[in-house]
Amino acid sequence: MKFLLSSIALLSAGASAFSINNNNNNNGATAQQLTHRTSTALAASGGRMPVRPIGIGSAAPQTLITNLDLESVHDTSDEWIRSRTGIQERRVLVHEGTRSVVRAGEDGGGAEDAEIPESLRTLGIEAASNALKMSGVDAGDIDLVICATSSPDDLFGDAPSIAHAVGCDSSKVVAFDLTAACSGFLFGIVTASQFLSNGGVGGAKNALVIGADALTRWVDWEDRNSCILFGDGAGAMVLSSEGNGDDSSDGDDSDDGFGILGYAMHSNGGGYKDLKCIYRGEPKKISTPGEGTIVHDGSYDLMTMNGRKVYSFATREVPNVLQEALDQAGMSVDQVDHLLLHQANIRIMEVVADRLGMPMEKVITNLYKYGNTSAASIPLALDDAVRSGRVKKGDVIACAG
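Residues numbered from 1 in each chain as written. Predicted model: local features only at pLDDT ≥ 70, side-chain atom pairs only at ≥ 80, totals over all residues. Heavy atoms only, no water.

## A closer look at the overall build of the protein chain
Scanning the protein chain from N- to C-terminus turns up 11 helices and 21 strands. Per-residue burial over the protein chain gives 52% buried out of 401 residues. Expressed as a percentage of contacts within the protein chain between residues at least 6 apart in sequence, the contacts between residues at least 24 apart total 74%. Surface accessibility of the protein chain: about 17,500 Å² in total, with carbon and sulfur atoms responsible for 48%. (Helix = DSSP H or I, 4+ residues; strand = E, 2+ residues; numbered from the N terminus. Buried < 20%, exposed > 50% of the residue type's maximum accessible area, 1.4 Å probe, protein only. Contact = heavy atoms within 4.5 Å. Areas by Shrake-Rupley, 256 points an atom, 1.4 Å probe, with all protein chains shown as cover.)

This is the structure in C-alpha cells:
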C-alpha cells in the first residue's frame, strides 16, 4: 500500500499518503514545527519514508445497536439518522460483556473455545493479532507498539499489556499509548514511521500501531444528537522498514515502493471547547492533622460536542491538509486511487471528496455499520477494504483523520 497521511482536528489532525507498491526512490522524511492559522496551532509535515504497511487487522464488539433499536430510546427514526449521518448501526462494549476466542488447550492440547471479558484491551489484542497474522511477522520481532486511544482500559496505558498479550519480546519492545482523538491512528503511523526510518529504538525494524476507542463509555445517552454517532472498535497495522512483504525476485528491497509517500499534521487547541471530555474530580476529605485535606476522587464528565462547529471545521480544513500531504509527496489528486477519511459523518466525506474533485466511488467507508469509532475508524475501514479485495497492491490511498 502507498499512503498519503493527513491529520486535522479541533485538537489534533493529520493527513498522509500510503502506497501499495510505489517504485519511486525514497527521498527520506522531514518534519517541521510551525505556526498555522492561529497562535494556538502547530503543524508538522514531510515526504517519503522507507516504511511499508504489511499487515492490517481489526475487531469490534459483539453487541450491536441499530438505528431501529434507538427508536425505543429517543424520539428518532432510522431514516432520520441515516439521512443525516450515514450510520445504520454501531457496535458497543457492554457491562460485563464477554467474547468468544479460540485458545490452545491445556498441556499443549488442541484448540478450544473460551469466553473472555470483552474490553477495549481485548479488542486491541484481537486486532493486533489479526494484523500480525496477515503480515507474517512474528510478534517477537516487533520492536515498537503504539496504541492510539482516548479511552484506554488502563489510565497508565494499554499498549504494554497488548504487546505482552500478543507475544512481543518484553526484553526489547517499546510500547506506549498516544492520545490524539480521531487523528490518533494517523499520528501513531507517522510516529512509528519516524522511529523506523531514523533507526530509533535500537535500530527498530518492525512496529505495530493500534487504534482503539470506546467512546460509548463517555457519550451522553440522553443526548439524541450525539449518542447516535458513536461506536466502539479497534484496528491495527504492522509497519516494517525491512524488505519482507516484497515479492520481487531481484532481492533489491530499497526501491519496492511500499510506504509513506507524504504526511501533514496539524493541531489547534483553539477548538478545545467544541469537542471535549473533561476531568471531573469529586471532593474527598482525608483526615490529615488539623482540618483535614480535600483531595479528588477521580472521574470524567461525559463527552460534549458542538456538532455544527466540528462539521464546519472538518469540511474546511480536511481538504487543505490532504492537499498539503499531496504536495509533500509531489502528487496530484488524480494519482490517488482511494480516499480514506475518519469515519465520522457521510456528509463530511461527501463535501471533502467534492472539494478535492474526487468521486464518491473512490471513498472507502464502512461508517454505516460501525459509526464513529474515533482512532479505530481508519484501520477498521482499511481492513474491510483490503480483505474484500477493493484495495490492491499498487494502490495509492489518501488518508485524513
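Picking up where we left off.
## Looking at the environment of Lys 273
Position of Lys 273 relative to the elements: it lies in the loop between strand S14 (259-268) and strand S15 (275-276). Taking the C-alpha atoms as reference points, Lys 273 and Met 305, 32 residues apart in sequence, are found 8.2 Å from one another.

## Side note on the side chain of Ser 240
Here Ser 240 lies in strand S13 (residues 232-240). On the basis of relative accessibility, which here comes to 0%, the residue Ser 240 falls in the buried class. Here the side chain of Ser 240 touches Asn 206 through a polar contact of 2.8 Å, side chain to side chain. A polar side-chain atom of Ser 240 sits 3.0 Å from the main-chain amide nitrogen of Glu 242. (Polar contact = N/O pair within 3.5 Å; in protein donor to acceptor, adjacent residues only side chain to side chain.)

## Focus on the pattern of salt bridges
Scanning the model with the defined rule gives 10 salt bridges in all. Here Arg 99 and Glu 126 are joined by a salt bridge, their closest N and O atoms 2.6 Å apart. Of this pair, Arg 99 sits in strand S8 (residues 98-104) while Glu 126 is found in helix H3 (residues 120-135), placing the two residues 27 residues apart along the sequence. Looking at Arg 99, the relative accessible area reads 7%, which means it is buried. The class for Glu 126 is partly exposed, based on a relative accessible area of 25%. (Salt bridge = Lys/Arg side-chain N within 4 Å of Asp/Glu carboxyl O.)

## Some remarks on unusual backbone geometry
Of note in the backbone geometry, Glu 96 takes a positive phi value of approximately 60° without being a glycine. Looking at the element boundaries, Glu 96 is found in the loop between strand S7 (89-92) and S8. Here Ala 181, not a glycine, exhibits a phi torsion of approximately 55°, which is positive. Looking at the element boundaries, Ala 181 is found in the loop between strand S11 (174-178) and helix H5 (184-197). Relative accessible area serves as the criterion here: at 24%, Ala 181 is assigned to the partly exposed category.

## Comments concerning the nonpolar core
Generally speaking, nonpolar side chains in soluble globular proteins are found buried as a group. If you look at the biggest cluster of nonpolar residues, it comprises 38 residues, and the most contacted ones within it are Leu 4, Leu 322, Leu 339 and Leu 341. Of all the secondary-structure elements, those providing two or more residues to this core are helix H2 (78-85), S14, helix H8 (307-329), strand S19 (338-341), helix H9 (346-356) and strand S21 (396-400). Counting residues per element, this core draws most heavily on H8, at seven residues. (Core = buried A, V, L, I, M, F, W, Y, C linked by side-chain atoms within 4.5 Å.)

## Focus: the environment of Arg 387
Mapped onto the secondary structure, Arg 387 falls in helix H11 (residues 377-387). Taking the relative accessible area as the measure of exposure, Arg 387 reaches 47% and is therefore partly exposed. When residues no more than four places from it in sequence are discounted, the contact partners of Arg 387 are Ile 56, Gly 57, Asn 130 and Met 134. Here the side chain of Arg 387 touches Ile 56 through a polar contact of 2.8 Å, landing on its backbone oxygen. Among the polar contacts made by the side chain of Arg 387, one reaches the side chain of Asp 383 at a distance of 2.5 Å.

## With respect to the packing of aromatic side chains
Counted according to the given criterion, the structure contains two aromatic pairs. Ring geometry for Trp 218 and Tyr 300: centres 5.8 Å apart, planes at 70°, overall edge-to-face. Of this pair, Trp 218 sits in the loop between strand S12 (206-214) and helix H7 (224-227) while Tyr 300 sits in the loop between strand S17 (293-297) and strand S18 (304-305), and the two are 82 residues apart along the sequence. For the ring pair Tyr 279 and Tyr 300, a centre distance of 5.7 Å and an interplane angle of 85° mean the geometry is edge-to-face. (Phe/Tyr/Trp six-rings, centres within 6.5 Å; stacked < 30°, edge-to-face > 60°.)

## Notes on H5
Turn by turn, an α-helix covers 3.6 residues, leaving residues three or four places apart pointing in a common direction. Between its first and last C-alpha atoms H5 spans 20 Å; for 14 residues at 1.5 Å apiece the expected length is 20 Å, and the two agree. Counting buried residues along H5, 11 of its 14 residues qualify, which places the element largely inside the surrounding structure. If you check which residues of H5 are buried, you get Gly 184, Phe 185, Leu 186, Phe 187, Gly 188, Ile 189, Val 190, Ala 192, Ser 193, Gln 194 and Leu 196. (Expected span 1.5 Å × (residues − 1).)

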